[in-house]
Amino acid sequence: MQSGRIVVVTGAPGTGKSTICAILARESSMERSVHMHTDDFYHALSKGAIPPHLPESNGQNLVVIQAFLAAALRFARGGYDVIVDGIVGPWFIGPWMDAARAGCPVHYIVLRAGKAQTLERAVHRDKLDRKTNLELVEAMWGQFQDLGAYEAHVIDTTRLTIPDTVRAVQAMIAQKTALLS
C-alpha cells in the first residue's frame, strides 16, 4: 500500500482554505484522499470549550491540534492524501514538524489575501455575529502577516481565482517547496 501524505492548508479565516481544500481533495493525484476540516474537531468539544481565538484557549487548542494530527497521521499511514483545512499557525507547527521528522511527508501551505479582501469575505460568514467575526478575522489576519521562515510557504490569494489558487497549491506540492523537514 502506498504511504500517504499530509497537506496542511492554513491562513486566516476568509482566505479560501475550505474552498481550496475541498477541490484539492477531489482532484488529488493519489488514489484516495480525505478533506479534514479541523473546525469539526472544535465543534466536537461539548463541555468546557473555550472559543479558540481567545488567549486562554491555548491549552485546549494544542489538544485539538494533536487530535487532528493523530487522525491525519492514521489516514496518511493508510495511504490517503490528507488535506488538512484549518488554522495552524507557526505557533502550533511543532507537532507537524515532529510528524515530518518521523517520516510522514507534511506540506505546510499558507493562503494569504489582502486585509480588505479577507475582511470582505468575513462579512459573509455566518459562524459569529458580524462584529465578533470582523474582530476575529482582523486579529487572525495580523497573525499570518510576518511568518519569518515560513514566508516561502505563502500563496497570496488576493488576486487569484479559485482555479489559479488550486494550481498554485498543487504546484507547491508537486515541487515539494512547502515540505516541512
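Source: prediction; values computed, not measured.

**Q** What am I meant to see in the overall build of the chain here?
**A** Check the secondary structure of the chain and you find seven helices and five strands. Starting at the N terminus, the α and β elements of the chain follow one another as β-α-β-α-α-β-α-β-α-α-β-α. Here the chain has a C-alpha radius of gyration of 16 Å; the compact-globule value for 181 residues is 16 Å, and the two agree. For the chain, with 181 residues in total, the buried portion stands at 45%. By sequence separation, contacts in the chain at least 24 residues apart represent 77% of the contacts at least 6 residues apart. When the accessible area of the chain is evaluated, it comes to approximately 9,200 Å², of which 55% is carbon and sulfur surface. Averaged over its 18 positive side-chain charges, the chain has a centre that lies 4 Å from the centre of its 17 negative ones.

**Q** Just to check I follow, could you spell out helix 3 (residues 58–77) for this structure?
**A** Since the α-helix packs 3.6 residues into each turn, any two residues three or four apart lie on the same face. Over its 20 residues, helix 3 extends 28 Å from the first C-alpha to the last, a length consistent with the 28 Å expected when each residue adds 1.5 Å. Among all positions in helix 3, only Gln 60, Asn 61, Val 64, Ile 65, Phe 68, Leu 69, Ala 72, Leu 73 and Ala 76 are buried. On its buried face, helix 3 is in contact with strand 1 (5–10), strand 2 (33–37), helix 2 (39–43), strand 3 (81–85) and helix 4 (94–101). Positioned one or two residues after helix 3, Gly 79 has a phi angle of 95 degrees, which is positive.

**Q** Honestly, the pattern of salt bridges in this entry has me stumped. Any pointers?
**A** Between side chains of opposite charge, pairing is possible as soon as their charged atoms come close. Per the counting criterion, the structure on display carries five salt bridges. Across the pair Arg 5 and Asp 81 runs a salt bridge, and its minimum N-O distance is 2.7 Å. Of this pair, Arg 5 sits in strand 1 while Asp 81 sits in strand 3, and the two are 76 residues apart along the sequence. Using a relative accessible area of 2% as the deciding quantity, one classes Asp 81 as buried. Here Asp 98 ties to Arg 101 by a salt bridge, and the two come within 2.7 Å at their closest N and O atoms. Taken together, the residues span about one helical turn, with Asp 98 and Arg 101 both in helix 4 at a distance of three residues. Judged by relative accessible area, which is 43%, Asp 98 ranks as partly exposed. The exposure class of Arg 101 is exposed, given its relative accessible area of 55%.

Rules and cut-offs
Residues numbered from 1 in each chain as written. Predicted model: local features only at pLDDT ≥ 70, side-chain atom pairs only at ≥ 80, totals over all residues. Heavy atoms only, no water. Helix = DSSP H or I, 4+ residues; strand = E, 2+ residues; numbered from the N terminus. Rg over C-alpha atoms; globule rule 2.2 N^0.38 Å. Buried < 20%, exposed > 50% of the residue type's maximum accessible area, 1.4 Å probe, protein only. Contact = heavy atoms within 4.5 Å. Areas by Shrake-Rupley, 256 points an atom, 1.4 Å probe, with all protein chains shown as cover. Lys, Arg positive; Asp, Glu negative; His and termini not counted. Charge placed at Lys NZ, Arg CZ, Asp CG, Glu CD. Expected span 1.5 Å × (residues − 1). Salt bridge = Lys/Arg side-chain N within 4 Å of Asp/Glu carboxyl O.

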